[in-house]
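In case you want the letters, here they are:
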Amino acid sequence: MVGTYAIFWREMVILRRRLIRVMASYAISPLLFLIAFGWGMGRSLQVEGMDYLTFMIPGLIALSSMSQTFSIAMDINISRFYWMTFEEFQTAPISSSSIVLGEVLSGMVRGMLASFIIFILAAAFGIRLNVNWALLLSVIFNTFMFASAAVITSMIVKSHADQASFNGFFIVPMSFLCGTFFPLSRFPEWAYLIAQVFPLTHASSCIRAAALGMDIPLISFLVMIIYSILFFLGAITCVKKASL
Amino acid sequence: MTPIVKPLIKTEALTKTYGSIIAVDNLDLEITEGEIFGFLGPNGAGKTTTCRILTTLTKPSSGHAFVSGFNVVEEPVKAKSGIGVVPQYLNVDGELSAYENLKLHGMLHGMEWGKMKMHIEKMLEFVQLSDRASSLVKTFSEGMKKRLMVARALLHEPKVLFLDEPTVGLDPQTRRNIWGIIRRINQERATIFLTTHYIEEAEVLCHRVGIIDYGRLIALDIPEQLLKRTGRFVVEMLDDDRSKARFFKNREDAGRFVASLDRDAIIRKSNLEDVFIKLTGRKVID
Ligand SMILES: Nc1ncnc2c1ncn2[C@@H]1O[C@H](COP(=O)(O)OP(=O)(O)OP(=O)(O)O)[C@@H](O)[C@H]1O
Ligand SMILES: [Mg+2]
């Protein structure tokens, strides 16, 4: 797995160089959500027997860790079609799976960092979350799953513009419709069923349960594991096939 | 008796099509260990496509390709171990420093740390970038990036090197430096697959030259033989405002021909460009 380490090392070198900027950019949109829904709507709003902010913050963790993890898709895309630096990995004597794992770990670090920042922001807003293994595992699977999905899309799309429209069609809608900002129980039956297909739905229900100190829904956790395996294997196949 | 050496690079009826375009057409090649092989051809002839197939970046449509005895489609990781690649376009990592670019490469190729460190310094020296080792590569000029790419390709001491127009965009001084480096590593037993438009580059460097046009190999031999077959001497004359050339085996025949002409003409020795024009009817750079 020398390839995995090399790819991960590169990401860390760049991340270290930009750490402050990256952390600030990861904080911006969660902060705006917290201001809008926390202060703006007031603490009085109750959802599922808790105040809205407490309900929303775990959703924000799911959302933010997904989107920051998924952002590696754009970087891989640019390195394939613009800088051509991805070829440096492709011409090295390393397996496709070690390339995928290197990229996935890089994406996971971004997602973990994004989650950590929301933790700090939440504390600043006076919300204390439970930190436990279930929460850590849920975030790990959420980031693993979406990092693998990111590798798949970056191998399939043929340009920068396609990558942007993929984000617009899948990632953005998922951000709002997967139980991140409001409970799915408010959906009509059919919409509720559709939402079950999206991986983020399961991630947000696991993360919320864990962060609020409740038992995590095992089915959702299982679904995350299944998606993780499928996406990871899919990513390996896509990297193997990727050529022009 | 010459020892039997097995080919380090081999293609069998290698073909690549893009829709109706045949980029590489039934290519059969055998490149033996220790050889500098030059692939000469005009724009769009299929040189880069061949390089990309051999380095596993592009899948062939049909036929086979082997590097170090391994099929590039079936055993890509083995075929890639021990190769070095300088692509035609710049692809160094702008977000990393020159040193980090080389370190990343060494890591990708599983180099041991102590050896890597030594080689990185040696290679930076080689391409005269030691003083810029810690600058981010996005601040480099094109020629500097190209030099870094050469250093990177050589870092892990590859047995087979694929150089796709390695000296394009370099000043004459640097180009000669790179030629020197290529010769030196070839003397250390590296086999080199080099594509070029520069006739001079093929003439001074290559043991054998293949000429490719429209994806087809139209000639393959040592430069000496290619020149001999075309004719060692050229008579150039102006015909209806167009320069025309005729080829002769020796200077005497050429001289007699000029004497029989009613206009000015010059006699000179032929070069690979003449071979190329005679075979394709076109200049290398159209
Ligand atoms: N990705 C691609 N999609 C479609 N056609 C392609 C692609 N890559 C190459 N071709 C076509 O294949 C042919 C051979 O191209 P190639 O890049 O191998 O030429 P080349 O000999 O390297 O030319 P140059 O000297 O300009 O670098 C060209 O007609 C080109 O248009
Ligand atoms: Mg080319």
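## Things to note about the overall build of chain A
When helices and strands are counted, chain A shows 10 helices and two strands. Element order for chain A, N to C, with α for helix and β for strand: α-β-β-α-α-α-α-α-α-α-α-α. The principal-axis extents of the C-alpha atoms in chain A amount to approximately 60 × 40 × 35 Å. A total of 244 residues make up chain A; the buried ones form 55% of that total. Contacts in chain A between residues at least 24 apart in sequence constitute 79% of all its contacts with a sequence separation of at least 6. On chain A, roughly 11,000 Å² of surface is accessible, and the fraction owed to carbon and sulfur atoms is 72%. Charge separation in chain A, taken as the distance between the mean sites of 14 positive and 10 negative side-chain charges, equals 6 Å.

## Let's talk about the coordination of the magnesium ion (ligand 2)
On the protein side, the magnesium ion (ligand 2) has Thr48 of chain B (OG1) and Gln88 of chain B (OE1) as donor atoms, found 1.8 to 2.1 Å from it. Of this pair, Thr48 of chain B sits in helix 1 (residues 47–54) while Gln88 of chain B sits in the loop between strand 6 (83–86) and helix 3 (98–108), and the two are 40 residues apart along the sequence.

## Quick word on the domain arrangement of chain B
Residue and element names in this part refer to chain B. Looking at the assigned domains, one finds that chain B contains domain 1 (1–82 + 158–222), domain 2 (93–156) and domain 3 (226–280). The centre of domain 1, based on its C-alpha atoms, is set 30 Å off from the matching centre of domain 3. Across the boundary between the two partners, domain 1 contributes 14 residues, which contact nine residues of domain 3. Here domain 1 meets domain 3 over a buried area of about 940 Å², counting both sides, of which 76% is carbon and sulfur. In terms of surface lost to domain 3, no three residues of domain 1 exceed Ile199, Glu203 and Ile211, which account for 42% of the buried area on that side. There are one salt bridge connecting domain 1 and domain 3. A salt bridge links Asp221 to Arg229, with the shortest nitrogen-to-oxygen separation between them at 2.6 Å. Where the side of domain 1 that touches domain 3 is concerned, the elements lending two or more residues are helix 7 (199–205), strand 9 (208–213) and strand 10 (216–221). It is strand 10 that contributes the most residues to the side of domain 1 that touches domain 3, four residues altogether. The class makeup of the residues in the side of domain 1 that touches domain 3 is 10 nonpolar, one polar and three charged.

## Topic: the nonpolar core
Counting 127 residues, the largest nonpolar core has Val151 of chain A together with Leu148 of chain B as the members making the most contacts within it. Aside from chain neighbours lying at most four places away, what touches Leu148 of chain B is Val92, Ala98, Asn101, Leu102, Leu124, Leu129, Val137 and Phe140 of chain B. Leu27, Ile83, Val85 and Phe193 of chain B belong to the second-largest nonpolar core, a separate cluster that totals 23 residues.

## Looking at the site of ligand 1
Residue and element names in this part refer to chain B. Near ligand 1, the surroundings consist of 14 residues, among which Gly44, Lys47, Thr48, Thr49 and Gln88 are the closest. The separation between an oxygen atom of ligand 1 and a polar side-chain atom of Asn43 is 2.9 Å. A distance of 2.9 Å separates an oxygen atom of ligand 1 from a polar backbone atom of Gly46. Looking at the shell around ligand 1, the elements that each hand over two or more residues are strand 2 (21–32) and helix 1. Of the residues forming the shell around ligand 1, the biggest block, three residues, is contributed by helix 1. Among the residues forming the shell around ligand 1, the class breakdown is five nonpolar, seven polar and two charged.

## Regarding the pairing of strand 8 (residues 191–196) of chain B
All names here are of chain B. Within strand 8, six of the six residues are buried, which leaves the element mostly enclosed by the surrounding structure. By the alternation rule, side chains of strand 8 split into Thr191, Phe193 and Thr195 and Ile192, Leu194 and Thr196, which are all buried. Bridge count for strand 7 (residues 160–164) against strand 8 is five bridges, and the pairing is parallel. Within the sheet, the bridge partner assigned to Leu163 lies in strand 8 and is Leu194. Running through helix 6 (residues 172–187), the crossover from strand 7 to the neighbouring parallel element strand 8 is right-handed.

## A few points about the sheet that holds strand 1 (residues 7–18) of chain B
Residues and elements named next belong to chain B. Taken in spatial order, the four strands line up as 2-1-4-5 in an open sheet, and their pairing is antiparallel. Edge positions in the sheet fall to strand 2 and strand 5 (70–71), since each has one partner strand and no second. As paired elements, strand 1 and strand 2 share eight bridges and run antiparallel to each other. Each residue of the ladder has a partner; that of Leu14, found in strand 2, is Leu27. Those strands touched by helix 1 are strand 1, strand 2 and strand 4 (62–67), and its axis lies near 120° from that of strand 1.

## Remarks on the packing of helix 8 (residues 223–230) of chain B against helix 10 (residues 272–280) of chain B
Helix-helix packing: each pair is described by the crossing angle between the helix axes and the interaxial distance. Residue and element names in this part refer to chain B. With their axes 9 Å apart at the nearest point, helix 8 and helix 10 run at an angle of 55° to one another. With respect to helix 10, the axis of helix 8 lies oblique. Helix 8 and helix 10 meet at a crossing whose hand is left-handed. Contacts between helix 8 and helix 10 pair Pro223, Leu226, Leu227 and Thr230 from the former with Leu272, Asp274, Val275 and Lys278 from the latter. Residues belonging to the contact of helix 8 with helix 10 are distributed by class as follows: five nonpolar, one polar and two charged.

## Digging into the environment of Ile181 of chain B
Residue and element names in this part refer to chain B. Relative to the helices and strands, Ile181 resides in helix 6. Accessibility expressed as a relative area gives 3% for Ile181, which makes it buried. Between the alpha carbons of Ile181 and His207 there is a distance of 16 Å; along the sequence they are 26 residues apart. The contact partners of Ile181, leaving out residues within four places of it in the chain, are Phe126, Val127 and Leu154.

Rules behind the numbers
Residues numbered from 1 in each chain as written. Chains lettered and ligands numbered in written order. Predicted model: local features only at pLDDT ≥ 70, side-chain atom pairs only at ≥ 80, totals over all residues. Heavy atoms only, no water. Helix = DSSP H or I, 4+ residues; strand = E, 2+ residues; numbered from the N terminus. Buried < 20%, exposed > 50% of the residue type's maximum accessible area, 1.4 Å probe, protein only. Contact = heavy atoms within 4.5 Å. Areas by Shrake-Rupley, 256 points an atom, 1.4 Å probe, with all protein chains shown as cover. Lys, Arg positive; Asp, Glu negative; His and termini not counted. Charge placed at Lys NZ, Arg CZ, Asp CG, Glu CD. Donors = N, O, S within 2.8 Å, 3.2 Å for Na, K, Ca; no water. Domains from an automatic or database assignment. Buried area = accessible area lost by both parts, 1.4 Å probe. Salt bridge = Lys/Arg side-chain N within 4 Å of Asp/Glu carboxyl O. Nonpolar A, V, L, I, M, F, W, Y, C, P; charged D, E, K, R; others polar. Core = buried A, V, L, I, M, F, W, Y, C linked by side-chain atoms within 4.5 Å. Near = heavy atom within 4 Å. Polar contact = N/O pair within 3.5 Å; in protein donor to acceptor, adjacent residues only side chain to side chain. Pairing = 2+ DSSP bridges. Right-handed = clockwise from strand over helix to strand, strands pointing away. Axes fitted to C-alpha atoms, helices over the stretch in contact; angles between N-to-C directions. Parallel < 35°, antiparallel > 145°, perpendicular 65-115°, else oblique. Left-handed = near helix turned anticlockwise from the far one by under 90°.

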